[in-house]
Every structure is written in structure tokens, then in C-alpha cells.
Amino acid sequence: NASGSDRQTEWYKVQAGSFDMPFIMDIGGVYNFGPVDVGITYNVNYFAQDNVSFLGQYNVGKIATLRAGYLMNTETVSIQDNTSTTTVDESTIKFENIFSGASFGGSLNLKELIGTNLSVDYTMFLTRTFSNNQVIALRMGF
């Protein structure tokens, strides 16, 4: 009811959904020191742990880039397991991001070598649970 106005009284109903809405937000920044870039990103994820990423990047002219990064969780998430039937107290389960830790990689700009707007990227993630992950990507620009 808007007091002091000529508007009618209006009624409305807000019905919340039966599920949580997904929400992810990244806040970050990069500072350039000549051929070296240093960056930080804070990631807020409603369905996972919040984390902080650090980046260091060295640009080798226009032909290549070398990178190193580090992913760090800002919180430890644990749940209570009331179905545990063991005599040892294993009722608290802690979740860890398997990608927490260091990562390394680089890019090779093929445009400088062959004249076509192509790049090859390589990344290696040091993981805790499985063997280390490696990714090779080919990027094309139009």
C-alpha cells in the first residue's frame, strides 16, 4: 500500500521454488609487469567450495606464453554421515577439490610461424586423487 498516493492497494504472492538456483561469481584482477602478468581470482560457487586462484604468466615475445597457477580452497566442507555402521568414528566426511594445488602450462602462437591465426595450448593439473591431468587444445581465430 503506497501511502500518500492515488494508487490502489495491490496484493501479490511470491512463491519460492522447491530447488536452489545455481550461482557462480568470479572476481579477479591482473597486474602487468612488462612481460610478466600476475593475477588473482576469487570464485564463489553456491554448489561447491569457494576458492582462490593465483596466476603467473610470462610472455615470450608474441610467440609463446608460459604459465603457472595455484588453486586454493577457502573453506573445508564436511557433512555428517548418520548411516555409518563402523565402530571407528568415520561419521564426518570432508570434501576436497581434487584440482587444488599447482598447475603449469603454456601457449604457442602459430600465427607468427605459419601466418594462420592458430594457437596450441598445453596445461597440466596436479591432482590429489587420480594421476595428473593434461590438456592439449588447438585454438582457431577468425
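Heads up: the structure comes first, above all this text.
The paragraphs below set out a description of the structure included in this document.

Calculation criteria
Residues numbered from 1 in each chain as written. Predicted model: local features only at pLDDT ≥ 70, side-chain atom pairs only at ≥ 80, totals over all residues. Heavy atoms only, no water. Helix = DSSP H or I, 4+ residues; strand = E, 2+ residues; numbered from the N terminus. Buried < 20%, exposed > 50% of the residue type's maximum accessible area, 1.4 Å probe, protein only. Contact = heavy atoms within 4.5 Å. Salt bridge = Lys/Arg side-chain N within 4 Å of Asp/Glu carboxyl O. Polar contact = N/O pair within 3.5 Å; in protein donor to acceptor, adjacent residues only side chain to side chain. Pairing = 2+ DSSP bridges. Axes fitted to C-alpha atoms, helices over the stretch in contact; angles between N-to-C directions. Patch = residues over 30% accessible without salt bridge, like charges linked within 9 Å, V, L, I, M, F, W, Y side chains within 5 Å. Areas by Shrake-Rupley, 256 points an atom, 1.4 Å probe, with all protein chains shown as cover. Phe/Tyr/Trp six-rings, centres within 6.5 Å; stacked < 30°, edge-to-face > 60°.

### Topic: the overall build of the chain
When its secondary structure is counted, the chain shows one helix and nine strands. Reading the secondary structure of the chain in the N-to-C direction produces β-β-β-β-β-β-β-α-β-β. Counting across all 142 residues of the chain, residues that qualify as buried make up 19%. Counted over contacts in the chain with a minimum sequence separation of 6, partners at least 24 positions apart contribute 31%.

### Some details on the pattern of salt bridges
A complete count under the given rule lists one salt bridge for this structure. A salt bridge links Asp121 to Arg139, with the shortest nitrogen-to-oxygen separation between them at 2.7 Å. A residue pair is termed long-range when its members are at least 10 positions apart, and Asp121 in strand E8 (residues 118-125) and Arg139 in strand E9 (residues 133-140) qualify at 18 residues. With relative accessibility at 14%, the residue Asp121 sits in the buried group. Given the relative accessible area of 44%, Arg139 is considered partly exposed.

### Section: the side chain of Asn43
With respect to the helices, strands and loops of the structure, Asn43 is situated in strand E2 (residues 36-45). Classification of Asn43 by relative accessible area gives buried; the value is 15%. Within the local environment of Asn43, its side chain forms a polar contact with the side chain of Asp26, the two groups lying 2.4 Å apart.

### Re the sheet that holds E8
Pairing in this open sheet of seven strands is antiparallel, and the strands run E1-E2-E3-E4-E7-E8-E9 from one edge to the other. With one partner strand each, in any of the chains shown, strand E1 (24-33) and E9 form the two edges of the open sheet. Within this sheet the neighbouring strands show an average axis-to-axis angle of 15°, counted without direction.

### Observations concerning the environment of Thr116
With respect to the helices and strands, the residue Thr116 is situated in the loop between helix H1 (111-114) and E8. Placed 24 residues apart in sequence, Thr116 and Met140 show a C-alpha to C-alpha distance of 8.5 Å. For Thr116, the residues in contact, after removing those within four places along its chain, are Leu110 and Lys111.

### Section: a nonpolar patch on the surface
A contiguous nonpolar patch, built from Tyr58, Val60, Ile63, Leu66, Leu108, Leu113, Ile114, Val120, Tyr122, Ile136 and Leu138 and spanning about 1000 Å² of accessible area, is present on the exposed surface. When you line up the elements, Ile63 lands in the loop between strand E3 (51-60) and strand E4 (64-73).

### Examining the packing of aromatic side chains
Applying the stated criterion across every chain yields a total of one aromatic pair. Relative to Phe33, the ring of Tyr31 lies with its centre 4.7 Å away and its plane at 65°, an arrangement referred to as edge-to-face. Classification of Tyr31 by relative accessible area gives exposed; the value is 53%.

### Structural notes on the pairing of E4
Bridge analysis of E3 against E4 gives ten bridges, and the strand direction is antiparallel. Note that in E4 the partner of Gly56 across the bridge is Ala68. Connecting E3 to the next strand, E4, in antiparallel fashion are three residues, including Gly61 with a positive phi near 60°. Relative to strand E7 (residues 101-109), E4 runs antiparallel, the two being bridged by eight bridges. Looking at E7, one finds that Ala68 is bridged to Phe104.

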